Amino acid sequence: MSNPKSSLAVAALKNGTVIDHIPTNALFKVVKLLNLENATNQLTIGNNLEGSKCRKGIIKIADVFFPQDILNRIAIIAPNAVVNIIREYEVVEKLKVTLPDTIIGLVKCDNPKCICNNEPMSTRFHIVDRSAGIIRCHYCNHTVSTINATII
Amino acid sequence: MNPHSLVSIADLTKEQILHILDQARYFEDHPGLKVLDGKVVATLFFEPSTRTRLSFETAANRLGARVIGFSDANTTSSSKGETLKDTIIMVSNYVDVIVMRHYLEGAARYATEVTEIPVINAGDGSNQHPSQTILDLYSILKTQGKLDNLTITMVGDLKYGRTVHSLIMALKYFNPTFNFVACDELKMPVEYKEFCVMNGIKYVEHKDFTQEVINSSDIIYMTRVQKERFTDIVEYERVKDLYSLHNSMLVNSRDNLRILHPLPRVNEISYDVDSNPKAYYFQQAKNGLYARQAIICNALGIDILAPDVQSKYVSHE
Ligand SMILES: [Zn+2]
């Protein structure tokens, strides 16, 4: 791997996925977004690790390879995360995550008077400003900064 | 989802807005066209609003439709815990179009997603109220003879007033100049000022409702300053008089100036303005009838201006 020091801080992985460069305050939200709380595979979570520029979080999960649309969920709160695909201890692919145009069922609307907080239904958000990470509720039009978004 | 549903004024193109206004004009000139003979209109008011409900129901009745519905959520199954989805699906079995008002924001948008029947939003919380915007536009068009290049002054509660927000969005097609007159507590939210900037709309913010602002206006759109918006009651008492309109203030105003207000008013327009020919708020409410006739027909895909529709109904007048 390109940065042996930081990768040594957590256990090496034979096959699986390493999600790197997660902001420290977003790490556990990423865990939730990927539904890793219920994972039975070997899972290593590291936080406040020394990165090249600042402290970061990292997630390593063995023998799991996520589809790109699932990985893109990470972009909601960690747009600069890098996903490394590991096979036989080698990084065979590095993937970036991109915010989908519509985010369904992942982010909670912070407007208590929104219909989506009062009916058994999925939330839905549209991107307003991709670079600033601003999304708007499809139903009530309230805008949320993705950094502050509550993950369902 | 029915493509003719009307949830937000922002869903309409300039051409669609102008076409609805043309239809409203036609209904004003031709009252009593029974275009909706045999149709059933539901008015589902999960939150009471007598004015809006009466206006929609009168519009439906004038068009020859029958009306069913409720005027208060307490009388419906939603008070027994039924979801909005279930209520909408159930009512969809009976009617051709649903007019709904709800206290929750986004309720109308969600309703369109669970039924194939067209849904007309008659207000969802503090979010959208497109029929009000159509009648405001119709009132402006009727009194000014045009929608383009007008100076429109909005006064009072610009923070929570959804009618002014929707009007700004609709007027983006018509090169308006806005004056926003409000105190700090109730000033125009940043998002709408950004909307103006993005769409090249000129606006000036004012804290004082001055003679200069009044005398440069084609339209003055007054709104109600509500006591419950203030944390400081002393501040409310000070502000409510600052943004009141009196007849004496209109002496040097433009001849074409008209005063609009979504009603009900409390004390922001004094009664001595009522007899001034520039007072237009009661006619504005009446225009709501024609606007809603056009909106209901539009939702049902019936274009009163189309030749085949005209030949079918207008000859029987
Ligand atoms: Zn919402």
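Each value, and the rule that gives it
Residues numbered from 1 in each chain as written. Chains lettered and ligands numbered in written order. Predicted model: local features only at pLDDT ≥ 70, side-chain atom pairs only at ≥ 80, totals over all residues. Heavy atoms only, no water. Helix = DSSP H or I, 4+ residues; strand = E, 2+ residues; numbered from the N terminus. Rg over C-alpha atoms; globule rule 2.2 N^0.38 Å. Buried < 20%, exposed > 50% of the residue type's maximum accessible area, 1.4 Å probe, protein only. Contact = heavy atoms within 4.5 Å. Areas by Shrake-Rupley, 256 points an atom, 1.4 Å probe, with all protein chains shown as cover. Lys, Arg positive; Asp, Glu negative; His and termini not counted. Charge placed at Lys NZ, Arg CZ, Asp CG, Glu CD. Buried area = accessible area lost by both parts, 1.4 Å probe. Salt bridge = Lys/Arg side-chain N within 4 Å of Asp/Glu carboxyl O. Polar contact = N/O pair within 3.5 Å; in protein donor to acceptor, adjacent residues only side chain to side chain. Nonpolar A, V, L, I, M, F, W, Y, C, P; charged D, E, K, R; others polar. Patch = residues over 30% accessible without salt bridge, like charges linked within 9 Å, V, L, I, M, F, W, Y side chains within 5 Å. Pairing = 2+ DSSP bridges. Axes fitted to C-alpha atoms, helices over the stretch in contact; angles between N-to-C directions. Domains from an automatic or database assignment.

**Some points on the overall build of chain B**
For chain B, the helix and strand inventory stands at eleven helices and nine strands. The C-alpha atoms of chain B give a radius of gyration of 20 Å, which matches the 20 Å a tight globule of 317 residues would have. Counting only C-alpha atoms, chain B reaches 55 × 50 × 40 Å along its principal axes. Every one of the 317 residues in chain B was classed for burial, and the buried ones make up 57%. In chain B, 73% of the contacts between residues at least 6 apart in sequence involve partners at least 24 apart. Here chain B displays about 13,400 Å² of accessible surface, and carbon together with sulfur accounts for 49% of that area. Mean positive and mean negative side-chain charge positions of chain B (33 and 39 charges, respectively) differ by 3 Å.

**Considerations on the interface of chain B and chain A**
A common way to report how large an interface is uses the accessible area buried once the components associate. Taken together, the contact between chain B and chain A spans 14 residues of the former and 13 residues of the latter. Interface area, chain B with chain A, both sides summed: about 1,100 Å², of which 49% is carbon and sulfur. Summed over the three residues of chain B that lose the most area to chain A, namely Leu104, Glu105 and Tyr110 of chain B, the buried surface amounts to 49% of that side. Connecting chain B to chain A are zero salt bridges. Put simply, chain B and chain A have nine residue pairs in polar contact (both at pLDDT 80 or more) between them. Among the elements of the structure, α3 (84-92) and α4 (107-114) of chain B are those that each provide at least two residues to the side of chain B that touches chain A. Counting residues per element, the side of chain B that touches chain A draws most heavily on α4 of chain B, which supplies four residues. Looking at the side of chain B that touches chain A, its residues break down into five nonpolar, five polar and four charged.

**Overview of a nonpolar patch on the surface**
Residues and elements named next belong to chain A. Together, Phe28, Leu43 and Ile45 make up a nonpolar patch on the protein surface, roughly 260 Å² of accessible area in all. The topology assignment puts Leu43 in strand β2 (residues 43-50). Overall, Leu43 belongs to the partly exposed group, its relative accessible area being 30%.

**Overview of the sheet that holds strand β1 (residues 16-22) of chain A**
Residue and element names in this part refer to chain A. If you walk across this open sheet you meet the five strands as β2-β3-β1-β4-β5, and the pairing is antiparallel. At either margin of the open sheet sits one strand with a lone partner, and together these are β2 and β5 (90-96). Taken over all neighbouring pairs, the strand axes of this sheet differ in orientation by 20° on average, direction set aside. As paired strands, β1 and strand β3 (residues 55-62) are joined by five bridges and run antiparallel to one another. Each residue of the ladder has a partner; that of Ile19, found in β3, is Ile59.

**Some thoughts on the side chain of Thr146 of chain A**
All names here are of chain A. Within the secondary structure, Thr146 sits in the loop between β10 (143-145) and β11 (150-151). Using a relative accessible area of 4% as the deciding quantity, one classes Thr146 as buried. Leaving out residues up to four positions away in the same chain, Thr146 has contacts with Ile76, Ile77, Gly133 and Ile135.

**Details of the domain arrangement of chain A**
Residue and element names in this part refer to chain A. According to the domain assignment, chain A consists of domain 1 (12-96) and domain 2 (102-151). The interface of domain 1 with domain 2 comprises six residues on the first partner and eight residues on the second. Approximately 690 Å² of surface area, both sides summed, lies buried where domain 1 meets domain 2, with 70% of it carried by carbon and sulfur atoms. A per-residue breakdown of the area domain 1 buries against domain 2 is headed by Lys29, Leu33 and Ile76, which together make up 65% of the total.

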